[in-house]
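So the chains spell out like this:
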Amino acid sequence: MRARVAALVVVVIGVASWLLWMLVTGEGTLVPRPSWLAAGLLAAMAAFVIGFAWPVRSYLAGSSTRRLDPLRAARVVVLAQAATLTGAAAAGWYAGQLAVVASDLSLVANEDRLWRLAILVGASVVLCIAGLLAQRWCRVDPRDTDD
C-alpha cells in the first residue's frame, strides 16, 4: 500500500463526508459532538500496529535472536495495510465534518466540535502513518543475484 493510495482515500472519503454533512446540516441539524474515546482508540490502534511490527523490524535488521514465524510477519503486513486504510478513511470522514463545522463558527456549539474534530483528524493521520511505517519495516529488499 502506497501513501498515494492513502491520500486518495482521504480525499474521496473527505469529499463524500463533506457533501453528506452539508446536506444534514442544511436542514438545521448540527454535526454530532465527537467523542474523545474515538481519538483514544485511534491512537491505541496505532500503538498496537507499531508494537506488532517492531519484532519483524528487529528480525529483519538482524538485531533479534528470536525466530520469526513467516505467517506472523505476513499477518503484520496485512494489519499494517488495514491500519493505513482505516486511518485514511477516518481522516477523510472527520476532515469532511471538520470542514462543515469550520464553515459555520458563528454557532457556539461548533467551537467545541472544531477542536475535537481536529484532534480526531490528527489521530487518524497518526494511525495511517503507523500503518505505512509498519509496512516499510516489514519490507524485505530483493537479494543480489550475484551470490
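See the structure printed just above.
Note that the structure is a prediction, hence the values are computed from the model and not measured.

> Account for the pattern of salt bridges, naming residues and giving values.
Inspection of the entire model under this criterion finds two salt bridges. In this structure, Asp112 and Arg116 form a salt bridge, with 3.2 Å as the shortest nitrogen-oxygen distance. Taken together, the residues Asp112 and Arg116, both in helix 4 (residues 108-137) and four residues apart, mark about one turn of the helix. For Asp112, a relative accessible area of 33% translates into the label partly exposed. Through salt bridges that share partners, Arg33, Asp112 and Arg116 make up one connected network.

> Tell me about the nonpolar core, and name the residues and values.
Ranked by size, the top nonpolar core spans 28 residues in total, and within it Leu42, Val56, Tyr94, Leu117 and Leu120 carry the most contacts. Elements with a contribution of two residues or more to this core: helix 2 (36-61), helix 3 (70-102) and helix 4. Dropping the residues within four chain positions of it, Leu42 is found in contact with Ala90, Tyr94, Leu120, Ala123, Ser124 and Leu127.

> Residue-level account of the packing of helix 2 against helix 4, with values.
Look at helix 2 against helix 4: their axes get within 9 Å of each other, and the N-to-C directions meet at 15°. Taken together, the axes of helix 2 and helix 4 are roughly parallel relative to one another. As helix 2 runs across helix 4, the sense of the crossing is left-handed. Counting all contacts with helix 2, which are made through Trp36, Ala38, Ala39, Leu42, Met45, Ala46, Val49, Ile50, Ala53, Trp54, Arg57 and Leu60, the residues of helix 4 involved are Arg116, Ile119, Leu120, Ala123, Ser124, Val126, Leu127, Ala130, Gly131, Leu133, Ala134 and Trp137. Residue classes in the contact of helix 2 with helix 4 are distributed as 20 nonpolar, two polar and two charged.

> Account for the layout of surface pockets, with residues named and values stated.
The space that makes up the largest pocket amounts to roughly 330 Å³. Looking at the largest pocket, the residues that line it are Met1, Arg2, Ala3, Leu132, Leu133, Gln135, Arg136 and Arg139. Among the elements that take part in the lining of the largest pocket, helix 4 stands out by supplying four residues, more than any other. Residues of the lining of the largest pocket, tallied by class, amount to four nonpolar, one polar and three charged.

Criteria and cut-off values
Residues numbered from 1 in each chain as written. Predicted model: local features only at pLDDT ≥ 70, side-chain atom pairs only at ≥ 80, totals over all residues. Heavy atoms only, no water. Salt bridge = Lys/Arg side-chain N within 4 Å of Asp/Glu carboxyl O. Helix = DSSP H or I, 4+ residues; strand = E, 2+ residues; numbered from the N terminus. Buried < 20%, exposed > 50% of the residue type's maximum accessible area, 1.4 Å probe, protein only. Core = buried A, V, L, I, M, F, W, Y, C linked by side-chain atoms within 4.5 Å. Contact = heavy atoms within 4.5 Å. Axes fitted to C-alpha atoms, helices over the stretch in contact; angles between N-to-C directions. Parallel < 35°, antiparallel > 145°, perpendicular 65-115°, else oblique. Left-handed = near helix turned anticlockwise from the far one by under 90°. Nonpolar A, V, L, I, M, F, W, Y, C, P; charged D, E, K, R; others polar. 1 Å grid on protein atoms, 1.4 Å probe; cavity = no way out; pocket = protein on both sides within 12 Å on 5 of 7 lines; lining within 4 Å. Points joined across faces, edges and corners; volume = space filled by probe spheres on them.

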